[in-house]
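Reading the structure
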Amino acid sequence: MEAADGSALITPSQASVSRVPSPCPQIYGVWAHQDCENGRFTAAGECCHLCPPGYGVAVPCGSSNTQCEPCQEGVMFSAVASATEACRPCTVCPGHVHTQEACAPARDRVCASGCPQGQYLPPGNGSHGSRACLPCRLCHEGYGAAEPCGPGTDTTCQKCPEGFYSEVKSSSEPCLACQEQCGENEVMIQACSPFSDTLCMEKELQILKRTEGETRKTSRSLPPPLVEDNGKNIIPVYCSILAAVVVGLLAYVAFKCWTTCKQKHQLAKARAGEAGASPEGEKLHSDSGVFLDTHSLQEHHPLSKGKAEPRMYANLPPHKQEEVERLLERPPHCKDWRRLATHLGYEEDAVATFGRGEAPAHTLLSDWSSREGATLEALCTALEAIERADVAENLSAPAEVSSVV
């Protein structure tokens, strides 16, 4: 059979579903049903064709037959065969709800039922796609969940009444009943409160037992000492160490003072012996006010073996000491004050300390002159050992007469 426009019609003897040829390219996938079950006809009396699933009506049946168009993948869908319905938008799953089945031209998107754990879907007047899952409310310490968070309801919190407590933040944990009383061998440390349970402690702990003359026999290990006790016990140790350091410093200062006084006494004794051995060992005064030091008027060779008392290096005039120091600081062939210090009994650490100063030779001889037995004979012996006869001869040279007006 042919219609007025020349298109073919589906007869009852043909297949129940077939594509109807049409000169218009916008008509796709049209179904024809025998006896026109949909009850719709064109103006020419034709039975209106149906758009199959996956296709929507582009031009409804009227003066011409139904024109269909395919639904856009992932955006629109049509799940039924219809002569009137166009493609519909796919459902949008609410926030935090994942998609269980994707949207297809012939099938709507399927959202997972419910919200993830710890969230709920609040009721609303809008469509299902406009709602989003929200995080469940947490009940703080001292509060319990009277109604826990559910798929469609939020948590209902209430303050823990007397005899109940809650120590955690939770959206589902209720208030727990407090321990009524401690055991026979326990003592209560803290009573129950909305924030914590009753706190008990055993009576037989070491910190609660007497220590006078008792021998403790326990079947369990004792707790370690408190950190505060360790801090209190270590303070006396620090004080003892500090006291020992102070006493050591005082003893060192006293020893140095005693050594200095002893050396001064020996020097005074040596001067007195020299003055008594020489008829000119007196201090001469003239009417002009000129003072003559008779120590500078002694023999030209102060190191002669006929002396009863050895001369000390500290008694040398300052200018003579400066000459010796200058010679030792600019030596030939590295025979300087360092080698002399080694022969005088100094260790390497002391020599290095002297070397860090501006006048190491002066520092060396000043320190050595304060020692017992720091005589010119000993110094000359050390100088000859390091092959510095020039310095030894300078020491043996007669000193100039000094005067003070």
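See the structure above.
All values derive from a computational prediction rather than experimental measurement.

**A short note on the state of the cysteines**
In the structure shown here, the tally under the stated rule is ten disulfides. The partner cysteine of Cys136 in its disulfide is Cys149, sulfur to sulfur 1.8 Å. What sets the handedness of the Cys136 and Cys149 disulfide is the S-S torsion sign, and at about -55 degrees it is left-handed. On the criterion of sequence distance, the pair formed by Cys136 in the loop between β8 (134-135) and β9 (143-147) and Cys149 in the loop between β9 and β10 (156-159) is long-range, its members being 13 residues apart. Disulfide pairing places Cys160 opposite Cys175 at an S-S distance of 2.1 Å. Of note, the bridge from Cys160 to Cys175 carries an S-S torsion of about -85 degrees and is left-handed in sense. Residue Cys160 is found in the loop between β10 and β11 (164-165), and its partner Cys175 is found in the loop between β11 and β12 (176-177); the two are separated by 15 residues along the sequence. Judged by relative accessible area, Cys160 falls into the buried class, the value being 4%. You can call Cys175 buried: its relative accessible area is 16%. Unpaired in this structure, Cys261 has its nearest cysteine sulfur neighbour in Cys257, at a distance of 6.6 Å.

**A word on the nonpolar core**
Counting residues in hydrophobic clusters, the biggest one holds 25 residues, and the most contacted among them are Leu328, Leu340, Tyr346, Leu379, Leu383 and Leu395. When residues of this core are traced back to their parent elements, those giving at least two are α2 (318-329), α3 (337-343), α4 (348-355), α5 (360-369), α6 (376-385) and α7 (389-396). Broken down by element, the residue count for this core peaks at five residues, all from α6.

**What about the pattern of salt bridges?**
Inspection of every chain in the model, using the stated rule, returns five salt bridges. For Lys262, the salt bridge is made with Glu372, and the minimal N-O distance between the two is 4.0 Å. Here Lys262 is found in helix α1 (residues 227-277), whereas its partner Glu372 is found in the loop between α5 and α6, with 110 residues between them in sequence. Assessed through its relative accessible area of 35%, Lys262 is described here as partly exposed. Between Glu323 and Lys320 there is a salt bridge, with the nearest N and O atoms lying 3.9 Å from each other. Pair noted here: Glu323 and Lys320 are both in helix α2, with a separation of three residues, about one helical turn. Overall, Lys320 belongs to the buried group, its relative accessible area being 6%.

Thresholds, definitions, all that
- Residues numbered from 1 in each chain as written.
- Predicted model: local features only at pLDDT ≥ 70, side-chain atom pairs only at ≥ 80, totals over all residues.
- Heavy atoms only, no water.
- Disulfide = S-S within 2.5 Å.
- Helix = DSSP H or I, 4+ residues; strand = E, 2+ residues; numbered from the N terminus.
- Buried < 20%, exposed > 50% of the residue type's maximum accessible area, 1.4 Å probe, protein only.
- Core = buried A, V, L, I, M, F, W, Y, C linked by side-chain atoms within 4.5 Å.
- Salt bridge = Lys/Arg side-chain N within 4 Å of Asp/Glu carboxyl O.

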